[in-house]
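Chain by chain, the residues:
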Amino acid sequence: MDHIVKILVVILILLTQEYLSTRKNPYLGGILPIVYIGVISLFFNRLMDNNDHSSTWVILIVALCGLLSTWISGRERFKKKRQKELDRIELQNL
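Residues numbered from 1 in each chain as written. Predicted model: local features only at pLDDT ≥ 70, side-chain atom pairs only at ≥ 80, totals over all residues. Heavy atoms only, no water.

Draft legend 1. Structural detail: the overall build of the protein. A count of helical and extended segments in the protein gives four helices and zero strands. Ordering the α and β elements of the protein from the N terminus gives α-α-α-α. Taking the principal axes of the C-alpha coordinates as reference, the protein spans close to 65 × 30 × 20 Å. When the 94 residues of the protein are sorted by exposure, 17% land in the buried category. (Helix = DSSP H or I, 4+ residues; strand = E, 2+ residues; numbered from the N terminus. Buried < 20%, exposed > 50% of the residue type's maximum accessible area, 1.4 Å probe, protein only.)

The following block contains the structure:
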């Protein structure tokens, strides 16, 4: 049951990141990566207590890359959607 809750939390975080990344303000998508870096900074010693440092680093970097790539893809999708709307308006004006 504990694993299901963790998976649901990750899915909720990714959905929130996706939503924030596609808003008009581009800085909203940067909130979760900054919060992630802050949380990792606070709990870094506890994360490094185990002897497997390389896998811990890989997990931290992959998670940050996932958040940042979601932010980038959300911004690109927002720009495409906006461009479609502008093209539609331009066609109506002609």
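Having seen the structure, we can now continue with the description.
Draft legend 2. Representation of the environment of N50. As for its position among the elements, N50 is in the loop between α3 (44-47) and α4 (53-93). A sequence separation of 22 residues divides N50 from L28, and the C-alpha atoms of the two residues are 34 Å apart.

Draft legend 3. Examining the pattern of salt bridges more closely. This structure, assessed with the given rule, holds two salt bridges. For K6, the salt bridge goes to D2, with nearest N and O atoms at 3.5 Å. Here the residue K6 and the residue D2 both occupy positions in helix α1 (residues 2-21), the gap between them amounting to four residues, near one helical turn. According to the relative accessible area criterion, K6 is partly exposed, its value standing at 49%. (Salt bridge = Lys/Arg side-chain N within 4 Å of Asp/Glu carboxyl O.)

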